[in-house]
Amino acid sequence: MIDNDSQNGGLPVPIPTNFPDALPLIVLRDQVVFPLALIPIIAETESEFRLINEVHSGERMLVLSAAHDQEAKNPKLADVYDVGCIARILQVQPLPDGSLNVMLQTLKRCRLTGFIRRKPYPVARITPMEDVIKNKDKLEALAATVKTQMAELIALSPNIPDGVRVIIDSVDNPSYLADMVAGNLSISNEEKQKILAMPEPMKRIARLTYVLQRELEIMELSGKLHENVKSAFDQGQREFFLREQMKAIKEELGEGEAGGGEAATYRKQVEALDISDEVRKELLREVDRLGRLHESSSDYHVILTYLDTVLELPWNKTTKDRLNLKRAQAILDEDHFGLDKVKKRILEYLAVRKLKPDAQGPILCFIGPPGVGKTSLGKSIARALGREFGRMALGGVRDEAEIRGHRRTYVGAMPGRIIQMARKVQSQNPVIMLDELDKLGSDHRGDPSSALLEVLDPAQNNTFTDSYLNLPFDLSKFMFIATANVGDTIPWALQDRMEIIEIPGYTQEEKFEIAKRYLVARQLDAHGITAKQLKFTAAALRSIIANYTREAGVRNLEREIGHVCRSCARKFANRRKNPIRIDAADLRDHLGPEKVHYDVVERTRLPGVVVGLAWTAVGGDILFIEATRMPGKGELVLTGQLGDVMKESAQTALSYLHANAERFGIDPKNFTDSKIHIHVPAGATPKDGPSAGNAMITAIASLMLGKCVKRALAMTGEITLRGMVLPVGGIKEKVLAASRAKVKEIILPEQCRAMLEEDVPENIRKKLKIHFVSEMHEVLEIALGVKG
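Residues numbered from 1 in each chain as written. Predicted model: local features only at pLDDT ≥ 70, side-chain atom pairs only at ≥ 80, totals over all residues. Heavy atoms only, no water.

### Some details on the sheet that holds strand β12 (residues 479-484)
1) Next: Ordered by their spatial adjacency, five strands build an open sheet running β8-β9-β12-β7-β13, and the pairing between neighbours is parallel. A strand with exactly one partner marks an edge of an open sheet, and here the two such strands are β8 (389-393) and β13 (499-502). Strand-to-strand twist in this sheet, taken as the mean axis angle between neighbours without regard to direction, amounts to 20°.
2) Next: Here strand β7 (residues 364-367) runs beside β13; their pairing, made up of four bridges, is parallel. (Pairing = 2+ DSSP bridges. Helix = DSSP H or I, 4+ residues; strand = E, 2+ residues; numbered from the N terminus. Axes fitted to C-alpha atoms, helices over the stretch in contact; angles between N-to-C directions.)

### Section: the pairing of β7
1) Next: Burial along β7 is two-sided: L364 and F366 and C365 and I367, pointing in opposite directions, are all buried.
2) Next: Here four bridges tie β7 to β12, and the two strands are oriented parallel to one another. If you follow L364 over to β12, its bridge partner there is I481. (Buried < 20%, exposed > 50% of the residue type's maximum accessible area, 1.4 Å probe, protein only.)

### Observations concerning the sheet that holds strand β18 (residues 636-639)
1) Next: With mixed pairing, seven strands are arranged side by side in an open sheet as β18-β19-β17-β16-β20-β23-β24. Among the strands making up the open sheet, the edge pair consists of β18 and β24 (769-773). When the angles between neighbouring strand axes are averaged without regard to direction, this sheet yields 25°.
2) Next: With two bridges joining them, strand β16 (residues 609-616) and strand β20 (residues 713-715) adopt parallel strand pairing. By the bridge assignment, V611 is partnered in β20 with A714.
3) Next: Most of the contacts of helix α28 (residues 776-784) go to β24, to which it runs at about 150°, and overall it touches β20, β23 (745-749) and β24. (Contact = heavy atoms within 4.5 Å.)

### Things to note about the environment of S467
1) Next: Positionally, S467 belongs in the loop between β10 (464-465) and β11 (472-473).
2) Next: It is 53 Å that separates the C-alpha atoms of S467 and S567, two residues lying 100 residues apart in sequence.
3) Next: In this structure, S467 is in contact with R404, G405, H406 and R407, ignoring residues within four places of it in sequence.

Listed below in structure tokens is the structure:
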């Protein structure tokens, strides 16, 4: 029931007379609210989302109360004040970051007497607090005093609009006046809570007069301090002008040097720079500003820092490229084994530079799994070219200003990372590695990947303008090399500006050569052991690769070699003299039992189990697809954390086999009278993509026919409802994964033949029997011996 306007006691909104005995509670952080106010809050937690949604769809009433510890991000219920306000939800608006903007109208103060429940959100028992009015004449007199004090405070404070005084003068209700003034004063939350907790308007307004008097005294003292500071500043200005006059008099008398001091020094440095007239003009303007400022001025030191930064940049300072192709080839081969595509591209660039010296540097992007040498390859490229090298780690960068710099209007402003890197390497043609490009973030501060569009565009980066410098800086001679684990998260506009070079995983032989040539020597040196003291046999290295690591790169391989070195270092530290020779049989003593087990043959001994091939961000891998059935009505159950695309592939596989059941000798009743369950183990790992389609059909067909799939056989390929096998990506990674898992035969789509011959080494192809297929009946014939 709502009071009508005549019964509203001069209050701005009607107030309900009846309230529930218990209401949901929102704990306020860093604010105290008073009755009859519009309060915006932001709901950010799951419990707050649920509370707002349920209350908004119901009576729209809740309780607001502040926490004792205003700094706590997640205050406990025990820390909540026992006096708060009943409020009504007026509007709920979702925000772009997922939170909710809630507009509330506070209605009446209340006392919290206990909690009915605490989860999923707190619900508190409440008792509305009625105003206890005593001595109405004195109360009105105190209200008039508050209005007078507020008029004086408004006159002294430039931050309070004059219109506030008109609003205050129009309030006739002393209780509402006290709440409105207390809620809008810049006083501590503890003080506000004391006033809120007072049930008698007389006590509230009396306390408010004391608080206002204290605020008036503070404002008067602040005004006096301002006048004193202004007087001191005027005196500083007077001294500055007098010094300038003295300087001019000395110059006229020949006792001083024109243009002396800091400004003269910077002017000489600017004039000596090899820069464009536009840049020189802007820098000289800053030097002139510096000469007109006093050392005590804040702008003086800002300009000094700016000029120091600009003068330290490598304007037209470059290193000479070494264009000897044979030497570059030798350096690249010395530092990295394999990676022929990358080496070929670098040598092509050197050849072009030799024929056309002013050719722009390429912008390359190496995409591949961790541990394949993407970052270290950048250092080798710089060494082969004879250039300076710089690395920028972009993982987790979210602020556009990190790339483009901060404007000088901000305190502590600095250039962006690009200009800082140029300042560090002292060269205008370095090799810059943009590491982990795929892990750039974005938020309300901007999108760093958008800022990189200008940096990585050869048509624009010759006049790159950092927000701090506000001067064009030429990046066209920079050689940018980006690295990423996956290309999907790199914006397409950024990908379009780069030349993508994929670096897939290493073969077993490549890993063996890398370990033999680089990793063992590096780990021996890292652990203070000589090659004479410790030796790894070829069998030991191959065993570590096959039985202790399962990766596309060599990072874990180096870690395991380091583990063996540490184990041996302990023996040498205990005064062992004889050298140690590590063979495959010795690895168990140093590394423990084998960590990688390939059970392809064992797990495919039952019908309904097929080995599929998958591409992941860390290289290729095998996955098992298992199917079983039970009495039912044609249902399909999918488990193993499958994505939408993979679920659709399973449905397509079932539909194709059901439609062609008689063709393959399957009883159609097996589909209508059964519930089919397809599971892809490693259920904690999300899986998606269409490339397991032919494996799913084979698993269901194997189950229905009661035939086991051919042993040591793996497959990949997308399917259609008509039984066609379509091409998929990541062929090299998948074939290498099959080779590591000791698979003997692979089924691939016919359209992947060229990709296989181009990317997969011949020695790997010779180890495997590869079947190329275009139709699903070919797959079933190879895998199950079924002709259809």
